[in-house]
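The residues making up each chain are set out below.
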Amino acid sequence: SVFDRDHTFLFSFGAFGDGSDPTKIEFNRPQSIGIDKERGEVVVTDACNHRVGVFTLDGKLVRWIGKGAGDGTEQFGYAYGLVLRPDHTALVTEFGNHRIHHVDLETGATVGIYGRPGRGEGELTNPWAITVMGDTAYVLDSGNARVQAFRTPALIRKSGGKG
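Position numbers for residues start from 1 in each chain and track the written sequence from start to end. Local features are withheld for residues below a pLDDT of 70 in this predicted model, meaning they are given only at 70 or higher, and side-chain atom pairs are given and counted only at 80 or more; totals for whole chains, interfaces and linings count all residues. In computing side-chain properties, one takes all heavy atoms of the structure into account and sets aside hydrogens as well as water.

J.: So what's going on with the nonpolar core? Which residues, and what values?
T.: If you look at the biggest cluster of nonpolar residues, it comprises 11 residues: Val43, Val52, Val54, Ile65, Phe76, Ala79, Leu82, Ala90, Val92, Val103 and Leu105. Looking at this core, the elements with two or more residues in it are strand E7 (51–56), strand E9 (79–84) and strand E10 (89–94). By definition in these notes, contact holds between two residues if any of their heavy atoms fall within 4.5 Å. Sequence-distant contacts of isoleucine 65, that is, excluding residues within four places in its chain, are made with Arg51, Val52, Val54, Phe76, Val103, Asp104, Leu105 and Gly108. Residues Val83, Ile100, Leu124 and Val139 belong to the second largest nonpolar core, which totals seven residues. In these notes, a set of buried Ala, Val, Leu, Ile, Met, Phe, Trp, Tyr and Cys residues joined through side-chain atoms within 4.5 Å is what counts as a nonpolar core. Whether a residue is buried, partly exposed or exposed follows from its accessible area with a 1.4 Å probe, protein chains only, as a fraction of its type maximum: under 20%, in between, or over 50%, in that order. The secondary structure listing takes helices from DSSP runs of H or I that are at least 4 residues long and strands from runs of E that are at least 2 residues long, numbered from the N terminus.

Set out below in structure tokens:
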């Protein structure tokens, strides 16, 4: 749902669904949202459909990234948390795959994978949320009842504009 600054309802987009038709905007537990004002895009994690959606500010589908559970790098296993980066990539927490997935929002390509399942340093159990402050990413490692921090990866291209 989209509201104006006076909290007046403007419109909504999407419906509940299993995401089996990639031309439809269907969500099953939309978990996190990021807004890229510079590019005019809204990015949403669709947790139970195991993907990330990129939309225009007026709710038109630009692309889906990932589909299906599993631990392959092209897949998301319950995409929960999301933080947008200035290079048009995102860090996505994967609750089911126990890791952070760094993804290029233009191509859908995996830029990096951080963490592995477990309870030790650098290991995650059901990471829920992520944020970045300065050069540090903070991950809510819910299954381990802690917050972990790691240095954010380098930007992959200059920010600004498309391409």
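J.: Hey, could you go over the pairing of strand E15 (residues 127–133) for me, with residue numbers and the actual values?
T.: Across a regular strand the side chains alternate sides, sitting on one face of the sheet and then on the other. A strand pair is defined by DSSP finding two or more bridges across the two strands. The pairing of E15 with strand E16 (residues 136–141) spans six bridges and is antiparallel. Its bridge partner lying in E16, valine 132 is registered against alanine 137. Where E15 hands over to E16, the hairpin turn is made up of two residues, of which glycine 134 adopts a positive phi near 65°.

J.: Any details on the sheet that holds strand E12 (residues 110–114)? Residues and values, ideally.
T.: Pairing within the open sheet is antiparallel, and its four strands lie in the order E9-E10-E11-E12. Two strands close off the open sheet at either side, each with one partner strand: E9 and E12. Each strand axis lies, on average, 20° off the axis of its neighbour in the sheet, ignoring direction. Here six bridges tie E10 to strand E11 (residues 99–104), and the two strands are oriented antiparallel to one another. Paired with threonine 89 across the bridge in E11 is aspartate 104. In this analysis, axes come from line fits to C-alpha atoms, helices being fitted only over the stretch in contact, and the angle between any two N-to-C directions falls in the range 0 to 180 degrees.

J.: Quick one: what's the story with the pattern of salt bridges, residue by residue and with numbers?
T.: Basic side-chain nitrogens of Lys or Arg form a salt bridge, by our definition, when they fall within 4 Å of a carboxyl oxygen of Asp or Glu. Inspection of the entire model under this criterion finds seven salt bridges. Arginine 51 is the salt-bridge partner of aspartate 46, the closest N and O atoms lying 2.9 Å from each other. Accessibility assignment for this pair places aspartate 46 and arginine 51 in one class, buried. Linked by salt bridges that have partners in common, Asp36, Arg39 and Glu106 make up one network.

J.: Residue-level account of the pairing of E10, with values.
T.: Counting buried residues in E10 gives six out of six residues, a clear majority hidden from the surface. Here E10 shows two buried faces, one formed by Thr89, Leu91 and Thr93 and the other by Ala90, Val92 and Glu94. Judged from the four bridges that link them, E9 and E10 form a sheet pairing that is antiparallel. The residue bridging valine 83 from the neighbouring strand is leucine 91, located in E10. The antiparallel pairing of E9 with E10 creates a hairpin that spans four residues between the two strands, and histidine 88 there sits at a positive phi of about 65°. In this antiparallel pair of consecutive strands, E10 and E11, the connection spans four residues, and histidine 98 shows a positive phi of 55°.

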